[in-house]
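Inside the fold
Below, each chain spelled out in residue letters.
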Amino acid sequence: MAFTTLSQDYEKRPLKRLKLGPPDVYFQDPKQKEDDLNANHLKAGFSNTPFAEESGSERDNVGNIQKELILSLSKIKQEKDQLDTYVESSKKRQAIHKDLFWVVTQRNRMALRQWMLDLSNGSKCLSNLGKHVPIFPKKDELYAALVDYEENMLDKHEFLTWVLEVLEKEPRSSDDPYNKLCQPLLYYHLEDFIQCQSLSRRLSFFCATKLFAIFENSTNGGNPFADCLNCPHHRSMVVTMSCVIQAVTLCCPSALVWVPPPDCKFGSPLDILPLAPSELPTLLPESSPDYVEARAALEFIWVPPPDCKFGSPLDILPLAPSELPTLLPESSPDYVEARAALEFSEGQIRSRSQAVEQRWNSDKCSEPSSGYATSRVLAVLEALDRHDFEKVDLNNSIDILYNRVFNAGRSFSQSGTGTPESNGDGPSSDFPTVRFLCEWATTVQRVGVHRAFAVTKLLEKRQDYYEKLGATNSGIYLFQSCLVKFLDDCAPVLNANPTFDERQSFHSCLILFCELIHADLFSHDAYMQMLISRGDLSTGSLLNASQPLPRHLLYTLHIPLVGADEDDSSRHLINQRMILLYGLGKAAREENSSNQRQAVKELNRVLTQKGGSKMKLDEYFKQLSIYDRQVALASAAPVLLTQLSADHINNGGKPLPVSLLQMTFQLMEEALDISGLIDIAMQLLEQLVSLRQITTRQSLEWSQFMSDLLLYLVSVLRLFQPCILVCNEQILQLAKSLSALCDTVEKPLSCTSAERCLLAYFSHLIDICHVVKAKYSEKKPPMAFNKALAQFTSNHESVDETLFLGIFESNRNSSNKQSVASKLTTDKERYQFVFSAFVHLCNITDINKINDVAAFCCEVTAFCPALRTEFLGAVKSICDAKEFPEKGFVALKSFIKNDRFCIYENIAIFVAYMIVRQCFSLETFVVVAISSVLAPISNKNKEFENIPEARLTLYILVRLLRMPSTLSEAATFELMSSISDRLLLVTSYRALAMGPLLALLKAIAMLVDIPDEEDSEMPTVDPQWSMIRLKEFAVETSLNFFAAAALRSLSAMAWVRETCLKEPEVLIHAKDYLVDQMISARMALLLLQLLSYPQQSPRVSESVLEESEHEQFMSRILAGLARWTMRVAWLELQLIINYTSALRGEALATNLAKATIEVFQLSIDNKGPSTRNKKNMPPQKESGLVEDREVVWLVAPLIGKLSPGVQGAVLTAASNMLDKGGCQARTSKADKEKSVRKSFQLLSHAPFLSLVLTCLRGQDEQREAIQSSLQTQFNQFMNAIKDLRNDDAKKNSLLEGLHLRLSLLGNLFYSIQRSNPWVLEWIMVLVNLITQETVTPHENK
């Protein structure tokens, strides 16, 4: 055969390779056809018929080769069996004949019975019985026959295994004879089953699966097994299965302990999912019954397969073993005793399962007040920081945030069943998360009034979740005690002279509790009763209080009672508060009520335009508490809605000035009534639909009022949009009103600028919110907003600068902007209009006229969209450092002198109006600004200081990007006269992505020329940088110093910081973001510090990348760790790592490891940060924050986010410390004893153990070193503890260190299992710990 021939030729191949290389692809035969030179071949040539495919030539031989291979293997096996078989030569082997066996049938059952009796009694010789042996067609029949006659003849384990195999076969009916056979066998052999853990576990899985099937089909919600227990047909099976589970629980509880899968990463795929499986999208319509049934099934429970070897049988069981049916009557004492024993075993199973899941970690590593709380809180903070509250889609919604927040740091499996409370999954387990959410909503380390709304929605969903589970009754305040504890310990308060940050934090706290009361999550009545019972408040507390006010008295005075209508419960709350604050006397109560009534009266006079004074109104409100302000403002909403009603307009009512609405909204914001403000704004927006139809026939005054009102409402709603996006109902209500208003715009491509802002807002809402997009996508305005415009077509040298000047001079009296736009039909006319606009703009100094010109140009542009390109081109040419722009505006460039500082403010105001009125986007101008700022660096032929365009651009940027984000602050800001436009400018910041913003900051940083001395500092800039101070910097300082001041000013803005730091991984790893070849490592670090620490002066030396500076730099980062700055610390470390070359990377990791160990040593020397004098701490610092008390717990999570190389270096340093730790009891020298004691204290430090465990993940090469070190230490411990029998203090210290090392050993357990030598060695170590009574079952266990 070809295969045999090829094998022989291969064996005879020459040892030396031929020079011609390998043989041909096809086999060569000695007598092949192509070598036959016959006449036909010589004349016509050789022709070959190819096969259909390359391997077709050997297709026929495949079968033969396989047969020969199988035959050869069979012969080898037979010969091997013969060689392995020992043949006894003394005895002759008896041949086996078929006559010796007979098949058992129904006819010869009596013969079988007699043969079995002879076999069991021993009455006949076995040689005789062996001549007539019965055989069975099936193994099951054999076991059944053996059971009928004598079980003692069986191998017990094999027999029990057979019983389980019979039970686990395909489901049979209840009448199946095997079921009737096996159920009594379970009872009879149950004592044997529970002697074997593997069989007990397998049997428990079977019984739990059967009970779950009954539970799933049950229609009785209260007692799912009640129907079966009343049925004589099913009762036996339910009781049997229940008794088996209970017997295993009592006698073999280890069979029910949770076991991880072989490749378990100690997590769940559901931990990655942002939503629960029941909340993921599905093809079924939500209204269909199948959808409801499928969702209910998904929400119920996950059932492992019957052959599941991991998890726990109790994961399948619908009830706890102690709640399953039993044969004992409930009234008997035995029942009570048995149930208590079952509950005790359940607790043991649960605790052992949690120990397995936590890899046998010490309790100190999972203590709620330390490590576990830290990791869980950090996971919650990361989820909150990464969530984008500016949009709602399938991957970014409040439901996804809810799952990420309340699943953060959770365990994969909590063995055991029952209520959420019994499984450690009740409301009390959420208290650390709830507490931190309150801290996040009130801290000044994060910004946004939306935080209170988000926290309220999250807690509301959590409370609904527990009510659905039945963990609590409806109407009970689940988180009341946790929220009161927050007010007790760490809620912000006001001192005698509060700072701006303290006042902001206190106001955030009031907004939070206002929303919690509104959502019925916090009971003000229960809070007051608790304060009274504790003695914190008594009658008339405010009259006898000292300054500053006590914590709870301050909250009682200011926390609003939302929705306090005139019903019995509301009057009770109001009277209770008044009595506690002002007592029972009428004088104090009357004085407070009088101030409130005067404020209400003055407010109504102002709103109804009956001679009220705004100044007097402000004075009244300043004297009131936050609670009294909201009560006074409750009367404003009806007045506003009445004056904007259709009846008021049809009756010839006077138009309400928008300034009064602005004043009311400012007062509501100062009174912290954000919900009320949003509700009124949405109601007014809804009324505008009908009002616009009415006012189209009214006077010009009404039309202007409606335009101003529309613009202001749009600006306010866009400002508070993150608060609205938390609730889907409010989103749809807003979208409905906007859609109806957009329908009233007749020509979307040619409309007023206010209508253009309306259309832009509706289009923006459709883009960012999937629920709005699903409903209103077809109604999206057919306009492209905020798109970058790159083409400028105008390039006209001859310009008549006086052509349109008359229009601008009289624009305040002009009512028909549309007519002006209709005249601009050609490029030249539009260019002429833009030229005249800038000429007029640069020649006026009155701030009101500047605003009028800018607003007029925006109105004309709204009717003539082609002007957008021209105006953007003009702005770019003015800011461009090139003497002759590439395209157009040469004449404008030559006319406007950028070195005149008087035009800076004019152009800044003009650009601001262009952005807010949707002429071009802020991102487009930022792109223009980047090229202008970089011009002094790229233009080497021009002196650095002689480029005024860069100075102008920096001035415009500072004016544009430093707008305050509140209504009250925007009212006093100097840029733009209209508050609506100021608010729209603030909302435009949200559309600016991190890429363009960071590119702008890097361009300004490159322009900064900072001296190389280490003592040099960035210019100090007041956060409230006034325009006068800005002008001084722009005119009197050098360009690089002005650029440094501008960089410091922009980096201090909260919105800039949040935009840049929201995605740390993108910031540090994305190409050309923070790690950029265009800037040095020192400048990148400087920029990061400016963003992260706006109140501090950054100092970054030139030698920051030198090896000598590494340890000091990293020690500073680790020593200053705080929970709110974890992302900043990671960014700083990762930035240094990325900029460090590969040659110095190992030294960097070593220095970081040294700095890490030093942090723990310092914490032990100083007895940790937790021993600080709390009496001298401000109330908001004594907040229970983990980072304030135990900073060392933050080191492990930080190191865990760095590269494996860094973690390996830290693990090596920790291993060296383990080697030094050893036994500290047998030292004689004082200095050595002190050093070893310090090492032992470090190794007994739970945060340090947490660090080691974190670094062990993925460091397989380091595990053997850790194991060897641990084994040595365990031996030393056993020797040392013998000498300390009478020294309890040192003995307890040793045992504590032993406990932590056992936790470390638990994390190495699975790697030890993979090596048999290590398994044997550690078995001996652990056995010695028990035999030498270092660890006993009753103590130190």
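All figures in this text were calculated on a predicted structure; none of them were measured in a lab. (Residues numbered from 1 in each chain as written. Predicted model: local features only at pLDDT ≥ 70, side-chain atom pairs only at ≥ 80, totals over all residues. Heavy atoms only, no water.)

Considering the overall build of the protein chain
For clarity, the threshold we go by: Helix numbers and strand numbers start at the N terminus; a helix is a DSSP run of H or I with at least 4 residues, a strand a run of E with at least 2. Note on exposure labels: buried denotes an accessible area under 20% of the residue type's maximum, exposed denotes more than 50%, and partly exposed covers the range between, all computed with a 1.4 Å probe on protein chains only. Should any heavy atoms of two residues lie within 4.5 Å, those residues are counted as being in contact. Areas reported here follow the Shrake-Rupley algorithm with a probe of radius 1.4 Å; residue values treat only the protein chains shown as occluding.
Along its length, the protein chain carries 65 helices and two strands. By residue count, 48% of the 1341 residues in the protein chain fall in the buried class. Across the protein chain, contacts joining residues at least 24 apart in sequence account for 75% of those joining residues at least 6 apart. Surface accessibility of the protein chain: about 67,500 Å² in total, with carbon and sulfur atoms responsible for 52%.

Describing the packing of aromatic side chains
To keep things clear, this is the line we draw: When two rings of Phe, Tyr or Trp (its six-membered ring) have centres within 6.5 Å they constitute a pair, described as stacked for plane angles under 30 degrees, edge-to-face for angles over 60, and tilted for the intermediate range. Counted as over-ring charges are cases with an Arg CZ or a Lys NZ within 6 Å of the ring centre that also lie within 35 degrees of the ring normal.
Within the structure shown, the criterion is met by 19 aromatic pairs. Ring pairing ties together the aromatic residues F486, F513, F522 and Y527, which thus form one cluster. K461 extends its terminal NZ or CZ atom over the ring of Y402, reaching a point 5.6 Å from the ring centre.

Let's talk about the packing of helix α48 (residues 994–1007) against helix α51 (residues 1054–1061)
The line we're drawing: To obtain each axis, a line is fitted to C-alpha atoms, and for helices this fit is confined to the stretch in contact; angles are then taken between N-to-C directions over 0 to 180 degrees. To sort the angles, those under 35 degrees are grouped as roughly parallel, those over 145 as roughly antiparallel, those from 65 to 115 as roughly perpendicular, and the leftovers as oblique. Helix crossings get a hand from a simple test, with the near helix turned counterclockwise from the far one by less than a right angle marking a left-handed crossing and a clockwise turn marking a right-handed one.
Where α48 contacts α51, the two axes come as close as 9 Å, and the packing angle between them is 115°. Classified by the interaxial angle, the pair formed by α48 and α51 is roughly perpendicular. The interaxial crossing formed by α48 with α51 has left-handed handedness. Only W1055, V1056, T1059 and C1060 of α51 make contact with α48, whose side of the interface consists of M994, L997, L998 and L1001.

Focus on the pattern of salt bridges
For clarity, the threshold we go by: Any carboxyl oxygen of Asp or Glu that lies within 4 Å of a side-chain nitrogen of Lys or Arg is treated as forming a salt bridge with it.
Under the counting rule described, the total for this entry stands at 29 salt bridges. K1201 is paired through a salt bridge with E382; the nearest N and O atoms lie 3.8 Å apart. With K1201 in the loop between α58 (1195–1200) and α59 (1204–1221) and E382 in helix α16 (residues 371–386), this pair connects stretches of sequence that are 819 residues apart. By relative accessible area, which is 30% here, E382 ends up partly exposed. Two residues, E390 and R990, come together in a salt bridge whose shortest N-O distance is 3.3 Å. Pair noted here: E390 is in the loop between α16 and α17 (398–406) and R990 is in the loop between α47 (979–988) and α48, with a separation of 600 residues, a long-range link.

Quick word on unusual backbone geometry
Even without being glycine, L672 reaches a positive phi, approximately 65°. Mapped onto the fold, L672 is located in the loop between α30 (658–670) and α31 (674–695). For L672, a relative accessible area of 7% gives the class buried. Phi at M976 is positive, roughly 65°, even though this residue is not glycine. The exposure class of M976 is buried, given its relative accessible area of 1%.

Quick look at the nonpolar core
Selection rule: By convention a nonpolar core is built from buried Ala, Val, Leu, Ile, Met, Phe, Trp, Tyr and Cys residues, the set being connected through side-chain atoms within 4.5 Å.
Counting 326 residues, the largest nonpolar core has F665, F838 and F925 as the members making the most contacts within it. When residues no more than four places from it in sequence are discounted, the contact partners of F665 are L677, I680, A681, L684, Y712, L713, V716 and L967. Formed by 39 residues, the second largest nonpolar core is a distinct cluster that contains F159, L199, A208 and V244.

Brief notes about a nonpolar patch on the surface
To keep things clear, this is the line we draw: Exposure above 30% relative accessible area and the absence of a salt bridge qualify a residue for a patch, where like charges join within 9 Å and nonpolar side chains (Val, Leu, Ile, Met, Phe, Trp, Tyr) within 5 Å.
On the surface, L69, L73 and I76 cluster together into a nonpolar patch covering about 320 Å² of accessible area. Tracing the backbone through its elements, the reader meets L69 in helix α3 (residues 59–84).

Section: the confidence of the model for the protein chain
To keep things clear, this is the line we draw: The score called pLDDT rates the predictor's confidence residue by residue, from a low of 0 to a high of 100.
When pLDDT is averaged across the protein chain, the result is 78; 75% of the residues are at 70 or more. Put simply, helix α57 (residues 1186–1189) is where the protein chain has its lowest mean pLDDT, 43, and helix α33 (residues 721–724) is where it has its highest, 95. Under a pLDDT of 50 for its full length, residues 785–794 has, in the predicted model, 32 contacts with residues more than four places off or in other chains. Considering only residues more than four positions removed or in separate chains, one finds that residues 1010–1016, a stretch of pLDDT under 50, has 13 contacts.

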